[in-house]
Amino acid sequence: MSPGIEQSIKNQVKPRNYKINASLVSRIIPVVLFLHDNTQSDPVVKANNNPIVVFWFRRDLRLEDNKGLYQALKSGRKVLPLFIFDESVIDPLPGNDHRVSFIYQSLASMDESLQNNGGGLLIKRGKPLEVIRELLSDYPVEAVYCNMDHEPYGRKRDYEVAGLLNDHGIRFHTFWDHLLLHPEKVLKQDGTPYQVFTPYSNRWKQILQSGDLEYHASEKLLKHIMPEQSMPGPEQSSLFPDLTELGFTWSSLKTPSPKINKDLIRAYDRLRDFPAAEGTSKLGVHLRFGTLGIRNLAKIAAELNEVFLGELIWREFYAMILWYYPAVVDQAFKPAYDRIEWRNNEKEFLAWKEGNTGYPMVDAGMRQLNQTGYMHNRLRMVTASFLTKHLLIDWRWGEAYFAEKLFDYELSSNNGGWQWCAGSGCDAAPYFRIFNPYSQQKKFDPQDEFVKKWVPEADSEDYVREIVAHKKARERCLQVYKRALEATSNKNGQ
Ligand code: FAD
């Protein structure tokens, strides 16, 4: 750590006691949620064939501690592991999309382990409903297992698949694995969802049981995987297609390691705000695609650093918001904010995207994003605030750009983060709190280490001029936001 950062921490971060509430990890209530569990009905099994079950991987690309996979492997039937490259998700992506490369690599690594156990992963490209329908005619499927999705698209997809399976008398077992607590478990006393983070987080900690953190040793049961040779003929040659067969090429961007660094987590509360310090975990991409399970990470967080645990709870909070308020996908959580008259200047948007705004802290963040697929949280806040408040560009534009670029892109957290910065979200930064990019730089990059790395020309004459003056932009923002909010309160008062 540089002396500048150390000094800055001493100046700004008061020592706090981050002891964990022991009751968090002492209670046991196993939680298994079924979206559609008709375990009482008789399975329809094809004649002359041994029935099998399918495990459908989605945002849980790991063989270890995978709740749904564990249950499938314990079902007493051979398990056919399946992954579907969903055309409606991947078709709009560029040919060298870095997330697709990452997914492919993760699948290849699982396939290798499955092959060592005599099986293999079946990869399909298509529309999930059609792929599953086809699967039912190829295999004697008794049940389908998977882990649940919290996004509107995933929920709708699963609802349709549940309907299809139900029509065939096939059971659909779904489990809660991607997050720790199901949104329906963390509610206010009156049964309604929270809209403010702190009381949500307090309740979350109160009701978390050690059973929610329980390890499910799916990796120990891989002998129950369906042997590769029992997969029907035409499938065998195309079980695992090349990336190019799927319509993609390799991305050159590298993903951070999924290894949990305990020292980093211990120091997290002191270093997390300083982008030059490498003080955050960079585990976002692994949590997003499930190459790392949340339960073990949360357990470690609960033991080592409550601030880090708090960030994992933010992840759950935004997922809960999306679960109950799916309209936030394209609407402001607070409707008044949809009255803001965004300027939406295309040229300024381009300058922001390319990291050429003339504000070193903003440009450093955007260049880090463009070149690595990652951006530090402090910079996400600074760049998002700059776009929405200094440039008055609709948060949806920025959100879409982050969605295109981030390795760890997660709809609920990205939407929550953007609406927080724009002021339009639940429990958001108040609209009159406008980050000054220079003060942010002084406070969080005191030696300009981060800025110099990404904007080496920042101090030279070659650097672009500021596209907007901070003071003027601030005043303009206050006026525009005020006008939108007053218009709403006048309307409501009429
Ligand atoms: P760490 O600081 O090490 O935190 C550990 C984990 O906690 C993260 O990996 C993430 O899963 C979770 N987490 C941390 N902070 C938050 C937060 N504020 N909200 C929700 N979860 C959090 N996070 C995403 O995972 N995907 C996104 O698409 C995303 N977009 C964002 C957009 C904006 C405008 C903002 C302000 C924040 C966004 N975040 C997003 C939240 C946060 O910036 C990232 O999770 C974090 O920077 C990822 O880096 P890390 O893995 O090193 O996180």
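Model, not experiment: these values are computed from the prediction.

(A) Main features of the packing of helix H7 (residues 197-207) against helix H12 (residues 306-324). Across the interface, H7 lies against H12 with an axial gap of 10 Å and an inter-helix angle of 105 degrees. By the angle between their directions, the pair H7 and H12 is classed as roughly perpendicular. Across the interface between the two elements, Phe197, Tyr200, Ser201 and Trp204 from H7 touch Gly310, Ile313, Trp314, Glu316 and Phe317 from H12. A class-by-class count of the residues in the contact of H7 with H12 yields six nonpolar, two polar and one charged.

(B) Geometry of the site of the ligand. Within the structure, the ligand sits among 27 residues, and Thr280, Ser281, Gly284, Asn414 and Gly417 are positioned closest to it. Those elements that provide at least two residues to the shell around the ligand are helix H10 (284-289), H12, helix H15 (377-390) and helix H17 (411-422).

(C) Region of interest: the sheet that holds strand E3 (residues 122-126). Strand order across the open sheet formed by five strands is E3-E2-E1-E4-E5, with parallel pairing between neighbours. Edge positions in the sheet fall to E3 and strand E5 (171-175), since each has one partner strand and no second. Taking the axes of each pair of neighbouring strands and ignoring which way they run, one obtains an average angle of 25 degrees across the sheet. With five bridges joining them, strand E1 (residues 52-57) and strand E4 (residues 141-147) adopt parallel strand pairing. Paired with Phe55 across the strands is Tyr145, a residue of E4.

(D) Structural detail: the packing of helix H16 (residues 395-405) against H17. In the contact formed by H16 and H17, the axes pass within 10 Å of each other and the chain directions differ by 145 degrees. Seen from above, H16 lies across H17 with right-handed handedness. Residues Trp395, Gly398, Glu399, Phe402 and Ala403 of H16 touch H17, and the partners they reach there are Asn414, Asn415, Trp418, Gln419 and Ala422. When the residues that make up the contact of H16 with H17 are grouped by side-chain class, the tally is five nonpolar, four polar and one charged.

The rules behind the values
Residues numbered from 1 in each chain as written. Predicted model: local features only at pLDDT ≥ 70, side-chain atom pairs only at ≥ 80, totals over all residues. Axes fitted to C-alpha atoms, helices over the stretch in contact; angles between N-to-C directions. Helix = DSSP H or I, 4+ residues; strand = E, 2+ residues; numbered from the N terminus. Parallel < 35°, antiparallel > 145°, perpendicular 65-115°, else oblique. Contact = placed C-beta atoms within 7 Å. Nonpolar A, V, L, I, M, F, W, Y, C, P; charged D, E, K, R; others polar. Near = placed C-beta within 6 Å. Pairing = 2+ DSSP bridges. Left-handed = near helix turned anticlockwise from the far one by under 90°.

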